[in-house]
Amino acid sequence: MKVKQNGHILGSLSVLTVVISFIFFLVERGPDANISLGITVLTTLGILGVIFAVLAGIARKWGWLAAGVMGNGVVLVFAYLLWIAAGIGGV
């Protein structure tokens, strides 16, 4: 049962994906931002973070599960809103 031993590592990786997503958003903003790259990166990091959070939940680290799913859920909702904006804007 390696997952049970690595619950804290998986949980911290889940929260780390939220932090990386936030930093990416701050770096890649402005009028010249590539919106499709932003959608792709945020979606990938969000899904990866949710996977890490679920694996931390399997290891019975409930705090990491809650923080990871909520944080990465916000990232995924933001990526979805960017996807809608790109569709409306015709990008």
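Let me begin by describing the structure that accompanies this report. (Residues numbered from 1 in each chain as written. Predicted model: local features only at pLDDT ≥ 70, side-chain atom pairs only at ≥ 80, totals over all residues. Heavy atoms only, no water.)

## What about the packing of aromatic side chains?
The description of two aromatic rings rests on the distance between their centres and on the angle between their planes. Filter applied, for reference: Classification of ring pairs rests on two measures: the distance between centres of Phe, Tyr or Trp rings, Trp counted by its six-membered ring, which must be within 6.5 Å, and the angle between planes, read as stacked under 30 degrees, edge-to-face over 60 and tilted in between. By the criteria applied, helices consist of DSSP H or I runs no shorter than four residues and strands consist of E runs no shorter than two, each listed in order from the N terminus. Think of it in three bands: residues with accessible area under 20% of the maximum for their type are buried, residues over 50% are exposed, and the middle band is partly exposed, with areas taken using a 1.4 Å probe on protein chains only.
Counted by the stated rule, this structure contains two aromatic pairs. Both rings, one in F25 and one in F78, keep their centres 5.1 Å apart while their planes meet at 85°; by these two values the pair is edge-to-face. Linking F25 in helix α2 (residues 7–27) with F78 in helix α4 (residues 62–89), this pair joins segments that are 53 residues apart in sequence. F78 sits in the partly exposed class, given a relative accessible area of 33%.

## Remarks on the packing of α2 against helix α3 (residues 35–58)
Keep this limit in mind: The axes are straight lines fitted to the C-alpha atoms, using for helices just the contacting stretch, and the angles between their N-to-C directions are given from 0 to 180°. Throughout, the term roughly parallel applies to angles under 35 degrees, roughly antiparallel to angles over 145, roughly perpendicular to angles from 65 to 115, and oblique to all others. Each crossing gets its hand from how the near helix is turned against the far one by less than a right angle, where anticlockwise is left-handed and clockwise is right-handed. Note on definitions: a residue-residue contact is assigned when non-hydrogen atoms from the two residues lie within 4.5 Å. Any residue outside Ala, Val, Leu, Ile, Met, Phe, Trp, Tyr, Cys, Pro, Asp, Glu, Lys and Arg is labelled polar, Gly included; the first ten of those are nonpolar and the last four are charged.
It is at 8 Å that the axes of α2 and α3 come closest, and there the two elements cross at 165°. By the angle between their directions, the pair α2 and α3 is classed as roughly antiparallel. The two elements α2 and α3 meet at a crossing, and its hand is left-handed. Between α2, through G7, L10, G11, L13, S14, T17, I20, S21 and F24, and α3, the contact on the second element is made entirely by L37, G38, V41, L42, L45, G49, F52, A53, L55 and A56. Considered class by class, the residues forming the contact of α2 with α3 number twelve nonpolar, seven polar and no charged.

## Brief notes about α2
Cut-off, in case you're wondering: What a helix is expected to span follows from its residue count: subtract one and scale by 1.5 Å. Within this analysis, the arc is defined by the directions that extend from the helix axis to the C-beta atoms.
Compared with the 30 Å implied by 1.5 Å per residue over 21 residues, the 30 Å span of α2 between its first and last C-alpha is a close match. Taken together, the buried positions of α2 are occupied by G7, L10, G11, S14, T17, S21 and F24. One face of α2 carries all of its buried residues, which in axial projection span an arc of 145°. For α2, the exposed residues set more than 90 degrees away from the buried face come down to F22 and V27.

## Overview of the packing of α3 against α4
Running from N to C, α3 and α4 cross one another at 160°; their axes reach a closest spacing of 8 Å. Overall, the two elements α3 and α4 adopt an arrangement that is roughly antiparallel. Crossing hand, α3 versus α4: left-handed. Considered class by class, the residues forming the contact of α3 with α4 number 20 nonpolar, six polar and no charged.

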